Amino acid sequence: MRSIFLFSLFVLTFFGARSQQPPAPPIQKGTGLSLPVDSPTSEVPLSAMKGEVTVTMSPKLEALLKDYNEHDHLQNGYRVQIFLGDRKTAEETKRTFLQKNPEIPAYLSWLAPNFRLRVGDLRTRLEAEHLLNELKAAYPGSYIVPDEIGMPRLP
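What you are looking at is a predicted structure, and each value in this text was computed from that prediction instead of being measured.

Peer 1: Mind laying out the pairing of strand E3 (residues 114–122), listing which residues take part and the relevant values?
Peer 2: Of all nine residues that make up E3, eight are buried, and the element is covered over most of its length. Where strand E1 (residues 74–85) meets E3, six bridges bridge the pair, whose relative direction is antiparallel. Each bridged residue has a counterpart across the sheet, and for Leu84 the counterpart in E3 is Arg116. Of the pairings in the sheet, the one linking strand E2 (residues 106–111) to E3 comprises six bridges and is antiparallel in character. The residue of E3 that forms the bridge with Ala106 is Val119. The hairpin turn running from E2 into E3, its antiparallel successor, is two residues long.

Listed below in structure tokens is the structure:
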């Protein structure tokens, strides 16, 4: 019996407090603050707006973000393998490739008994196909391989 009484008291207190609050005024068109947007119809120019944002974080969150930035974040993607063979030729091929294509990363790895040279950090198979078509003339034996890639820089 006592629990029913307490529950009733809670319901009356909760809903009674909510009903005593004044209702929010209705929103009418043409009133209130107009926010600027990137359009010629904007009432307030963007250059007139100034503000300051302060972010307060706990030391634990700052340490977590610092730790996150120090690690590599690999994802499944694709690269184009342009060479498989001995070390000397692989290093020379990498050097000439990077001279011709400085914006495309090149990775030299060893898979016994050969060295392999893979290029690009490509998220999709379509991106890999485009790169393969560009490189086919200079490296006719090249092909696409699935690999773990670092996050490529976005333009």
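Text resumes after the structure shown.
Peer 1: Quick one: what's the story with the packing of aromatic side chains, residue by residue and with numbers?
Peer 2: Two aromatic rings, taken as a pair, are described by how far apart their centres are and by the angle between their planes. Scanning the entire structure with this criterion turns up one aromatic pair. When the ring centre of Tyr107 is taken as reference, the NZ or CZ atom of Arg79 above it lies at 3.8 Å.

Peer 1: Explain a nonpolar patch on the surface residue by residue, including any values.
Peer 2: Nonpolar side chains collect at one region of the surface, where Val53, Val55, Met57, Leu61, Leu64 and Leu65 lie side by side and expose about 570 Å² of accessible area between them. Looking at where Leu61 falls in the secondary structure, it is placed in helix H2 (residues 59–70).

Peer 1: Go over the environment of Leu74 with me, naming the residues and quoting the values.
Peer 2: Following the sequence through the fold, Leu74 ends up in strand E1. Accessibility expressed as a relative area gives 53% for Leu74, which makes it exposed. Spatially, the C-alpha atoms of Leu74 and Asp147 are 9.6 Å apart, while their sequence positions differ by 73 residues.

Peer 1: Talk me through the nonpolar core; I want residue IDs and the actual numbers.
Peer 2: In terms of nonpolar packing, the biggest core is built from 17 residues, with Val80, Ile82, Phe97, Val119, Leu131 and Leu135 touching the most fellow members. Mapped onto this core, the elements with two or more residues apiece are E1, helix H3 (87–100), E3 and helix H4 (125–135). Here Leu135 is in contact with Val80, Ile82, Phe97, Asn101, Val119 and Ser142, once residues within four sequence places are set aside.

Peer 1: Pulling in residues and values, what's your account of H2?
Peer 2: With twelve residues, H2 extends 17 Å from end C-alpha to end C-alpha; this agrees with the ideal 16 Å at 1.5 Å per step. Counting buried residues in H2 gives zero out of twelve residues, a small share hidden from the surface.

Peer 1: Before we move on, can you summarise the sheet that holds E1 with the specific residues and values?
Peer 2: In sheet architecture, strand pairing relies on hydrogen bonds along the backbone and comes in two forms, parallel and antiparallel. An order of E2-E3-E1-E4 is seen for the four strands of this open sheet, with the pairing classed as antiparallel. Looking at strand neighbours, the two that pair on one side only are E2 and strand E4 (143–150), the edges of this open sheet. Taken over all neighbouring pairs, the strand axes of this sheet differ in orientation by 40 degrees on average, direction set aside. Running at roughly 20 degrees to E1, H4 makes contact with E1, E3 and E4 of the sheet.

Peer 1: Explain the pattern of salt bridges to me, using residue names and the numbers behind them.
Peer 2: Overall, the coordinates contain five salt bridges when judged by the stated rule. The closest approach of N and O atoms between Arg87 and Glu91, which form a salt bridge, is 3.1 Å. Taken together, the residues Arg87 and Glu91, both in helix H3 and four residues apart, mark about one turn of the helix. Between Arg118 and Asp147 there is a salt bridge whose closest N-O contact spans 3.2 Å. Of this pair, Arg118 sits in strand E3 while Asp147 sits in strand E4, and the two are 29 residues apart along the sequence. Arg118 sits in the buried class, given a relative accessible area of 12%.

Peer 1: How would you sum up the side chain of Gln81? Please name residues and give values.
Peer 2: Note that Gln81 resides in strand E1. Take Gln81: its relative accessible area is 3%, and that puts it in the buried class. Within the structure, Gln81 has its side chain in polar contact with the side chain of Arg118 (distance 2.8 Å).

What counts, and at which threshold
- Residues numbered from 1 in each chain as written.
- Predicted model: local features only at pLDDT ≥ 70, side-chain atom pairs only at ≥ 80, totals over all residues.
- Heavy atoms only, no water.
- Buried < 20%, exposed > 50% of the residue type's maximum accessible area, 1.4 Å probe, protein only.
- Helix = DSSP H or I, 4+ residues; strand = E, 2+ residues; numbered from the N terminus.
- Pairing = 2+ DSSP bridges.
- Phe/Tyr/Trp six-rings, centres within 6.5 Å; stacked < 30°, edge-to-face > 60°.
- Lys NZ or Arg CZ within 6 Å of the ring centre and 35° of its normal.
- Patch = residues over 30% accessible without salt bridge, like charges linked within 9 Å, V, L, I, M, F, W, Y side chains within 5 Å.
- Areas by Shrake-Rupley, 256 points an atom, 1.4 Å probe, with all protein chains shown as cover.
- Salt bridge = Lys/Arg side-chain N within 4 Å of Asp/Glu carboxyl O.
- Core = buried A, V, L, I, M, F, W, Y, C linked by side-chain atoms within 4.5 Å.
- Contact = heavy atoms within 4.5 Å.
- Expected span 1.5 Å × (residues − 1).
- Axes fitted to C-alpha atoms, helices over the stretch in contact; angles between N-to-C directions.
- Polar contact = N/O pair within 3.5 Å; in protein donor to acceptor, adjacent residues only side chain to side chain.

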